[in-house]
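Examining the three-dimensional arrangement
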Amino acid sequence: MDMTTDTQVEVTDGFHLVIDALKLNGINTIFGLPGIPITDFTRKAQAEGIRVISFRHEQNDGNAAAIAGFLTQRPGICLTVSAPGFLNGLTALANATTNCFPMILISGSSEREIVDLQQGDYEEMDQLAIAKPLCKAAFRVLHAEDIGVAVARAIRAAVSGRPGGVYLDLPAKMFAQTMDGAAGKKSLIEVVDPAPRQIPSQEAVQRALELLKTAKRPLILLGKGAAYAQADANIRALIEETGIPYLPMSMAKGILPDTHEQSAAAARSFVLPGADVVLLIGARLNWLRSYGKGKTWGGKGHKDPGGQKFIQIDIWPQEMDSNVRIDAPLVGDIGSCVSALLAGIGSGWPKPPADWLGAIAERKDKNLAKMAETLAKNPTPMNFHSALNVVRDIIKANPDAILVNEGANALDFTRSIVDMYKPRKRLDVGTWGIMGIGMGFAVSAAVVTGESVIAIEGDSAFGFSGMEVETICRYNLPVCVVVFNNNGVYRGTDVNPAGGPDVAPTVFVKDARYDKLIEAFGGVGMHATNPAELRKGMEEAIRSRKPTLINAVIDETAGTESGRITSLNPQSAKKK
Ligand code: FYN
Ligand code: ADP
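Below: a short report on this structure.

Looking now at the environment of Ile 281. Mapping Ile 281 onto the fold places it in strand β11 (residues 277-281). Residues Ile 281 and Ile 334, spaced 53 residues apart in sequence, show a C-alpha to C-alpha distance of 7.2 Å. Once you skip the residues sitting within four places of it in the chain, Ile 281 turns out to touch Ile 220, Leu 221, Leu 222, Gly 223, Ala 226, Leu 238, Ile 313, Ile 334 and Val 338.

Below, the structure written as structure tokens:
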């Protein structure tokens, strides 16, 4: 009997097959948190050349994975332990799905037989069933030989069509399963064309062009789908060649520089009701656009349409008519749809009527002048405007820096005050208005792009992921966190109506020094009480690329309840 061949047969196992499957598909970074049963997986992945960025809470590595997906068009990978770790990552997975960011949540899970018989396993939970309604697709792998197919399906589900979150369940037992190395290698799939282009029909393109041609007051609305699509040059060409004014949604800011003369951002409440034909590019008519109807759009009552006609470019056919009639649906990928429109427009497309452009310019100039006046003030204590005037200058001087932004007032003021100059540089709370994305997004943006990151954080928002300043320091990332500290949620001025010793629910410790947090981990902490100090701190952070946290003291009376969306916060009519 020849024993040598037996001992020479190369054996592989679940750990290595998952790693090899990811690598084969160009995935070279994992955002995770080690623990049972995936601790050894993180070690082996690192040993095999994958960058493993380890966090302090799974929600943050989940958010990191999601935004890596948005930035790169490849699924961001989040790795968690079973049950509680999985649940912590699930908020990020659901948020990614809602925002159309491609990510894969890979969670270890406990023993199938025990979980299914509910016999009380360590971290027992039917994770697959729980994940299913919150993501695009969910898969479980019981046998090592199925890993190749599972990873391929997860990648395709995440990035094809409308991108979103995918769950991949890997039971503990599966990791250690062995199989013949050559057979294992053969079982892996390198996905060919994971996000195929989806070409719009000629008919649909024609219909859209004909409608656009009839417009007297056209408007283009850019959403974060347009930013995701990386069709920047064609989108810009479409806007410039048609001369149509455009409105960027928050994360679409910078596809064209916000200072572009066709930007109607500063005339938002004028152009929405005024437009007669609106071209939506990767933007849904959801709450952020008042559902395409009601007063915002010039309708009489809150459900009345404003009379606009809509052309909508989206990769997901079912998005059409979700709130109002879409007169010219253009289903396909944004790159293909926009180039088809461009081809149809040719040269000599008539510019929009001068009275429409003139009226927008007038409104815009008025708002810009008002804004400039407010920004020029230097009140004591510092308020959102005087602080953001500094951030505005810093971004202007460093247009490649990535701006992460969350909070209520800290979000809304930053969005309208800080101009963006390049695509995919503004990352924020997105479709849900979620709090807690801050440090996860910041770590990811720095890791994925290598650029400097500036995170403008409300003090409340920062609290959700603040512990990750240790992660920022550990990986020595060029992240400058600025905490706009006004002592509470929205403001720091509420008092306990019952007069007891507890402070009001919206109030935090007064005059907290968030800068001390980062110092505990060797980062640079700064305390800024005026714009000059803030400017100095931010400039130094950008120059040094050292992990920095600036505690920016903001007037605690500044800001409003829920920022610009106060109307969504029900108030009791009953006094007391
Ligand atoms: C905008 N504006 C400007 C500029 N840009 N003025 C001057 N200069 C510049 N560069 C004006 C714009 O014309 C509006 O004024 C106003 O500033 C606000 O602009 P914005 O922010 O685009 O418009 P609006 O009405 O706030 O937009 C609605 C929204 C937005 C729902 C899209 O509020 C939003 O994205 N909100 C997200 C909120 C959220 O998620 N919060 C987290 C939860 S907080 P007028 O035209 O005069 O109206 C939990 O409590
Ligand atoms: P915003 O909130 O910035 O307006 P939304 O998240 O509402 O943006 O809209 C993004 C839209 O873009 C989604 O409807 C999504 O289906 C669509 N989308 C994402 N990627 C593409 C793509 N490559 N091509 C076409 N549509 C896309």
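Right, let's talk about helix α15 (residues 334-345) for a bit. For α15, built from 12 residues, the straight-helix expectation of 16 Å at 1.5 Å per residue is met to within 8% by its first-to-last C-alpha distance of 16 Å. Buried residues along α15 sit against α11 (202-214), α12 (224-228), α13 (232-242), β11, β12 (309-314) and β13 (328-331). The backbone nitrogen of Gly 335 has a side-chain oxygen 3.3 Å away, supplied by the residue at the start of α15, namely Asp 333.

Let us look at the sheet that holds strand β15 (residues 426-428). The parallel open sheet is built from six strands, whose spatial order is β15-β14-β16-β17-β19-β18. Lying at the two open borders of the sheet, with one neighbouring strand each, are β15 and β18 (524-528). Here the average twist between neighbouring strands, direction ignored, is 15°. Of the strand pairs in this sheet, strand β14 (residues 402-406) and strand β16 (residues 453-458) are connected by five bridges, and their pairing is parallel.

The subject of this paragraph is the sheet that holds β11. The five strands are arranged β10-β9-β11-β12-β13 in an open sheet whose pairing can be described as parallel. Of all the strands in the sheet, the pair left with one neighbour each is β10 (246-248) and β13. Each strand of the sheet is rotated relative to its neighbour by a mean of 15°, with strand direction disregarded. Pairing geometry for β12 and β13, over four bridges, is parallel. From the neighbouring strand, Asp 314 faces β13, where its bridge partner is Val 331. On top of the sheet, α15 reaches β11, β12 and β13; it is set at about 130° to β12, its chief contact.

Okay, the environment of Met 439 next. With respect to the element layout, Met 439 can be found in helix α19 (residues 438-449). Distance in space between the C-alpha atoms of Met 439 and Gly 463 is 9.9 Å, their sequence separation being 24 residues. Every residue in contact with Met 439, bar those within four places of it in the chain, is listed here: Ala 455, Glu 457, Phe 462, Ser 465, Gly 466, Glu 468, Val 469, Ile 472 and Val 481.

Right, let's get into the site of ligand 1. Around ligand 1, the surrounding shell holds 23 residues, and the nearest of these are Ala 265, Ser 269, Arg 415, Tyr 490 and Arg 564. The contact in question runs from an oxygen atom of ligand 1 to an N or O atom on the backbone of Ala 265, over 3.1 Å. At 2.6 Å, a side-chain N or O of Arg 564 approaches an oxygen atom of ligand 1. Here ligand 1 has 1000 Å² of accessible area as a free molecule, and 81% of this is covered by the chains. At the level of elements, α14 (268-274), α16 (354-376) and α18 (409-417) are the ones that each hand at least two residues to the shell around ligand 1. It is α18 that provides the largest number of residues to the shell around ligand 1, a total of four residues. Residues belonging to the shell around ligand 1 are distributed by class as follows: 13 nonpolar, six polar and four charged.

Criteria and thresholds
- Residues numbered from 1 in each chain as written.
- Chains lettered and ligands numbered in written order.
- Predicted model: local features only at pLDDT ≥ 70, side-chain atom pairs only at ≥ 80, totals over all residues.
- Heavy atoms only, no water.
- Helix = DSSP H or I, 4+ residues; strand = E, 2+ residues; numbered from the N terminus.
- Contact = heavy atoms within 4.5 Å.
- Expected span 1.5 Å × (residues − 1).
- Polar contact = N/O pair within 3.5 Å; in protein donor to acceptor, adjacent residues only side chain to side chain.
- Pairing = 2+ DSSP bridges.
- Axes fitted to C-alpha atoms, helices over the stretch in contact; angles between N-to-C directions.
- Near = heavy atom within 4 Å.
- Areas by Shrake-Rupley, 256 points an atom, 1.4 Å probe, with all protein chains shown as cover.
- Nonpolar A, V, L, I, M, F, W, Y, C, P; charged D, E, K, R; others polar.

Such coordinate-based values are descriptive only and should not be taken to indicate function.
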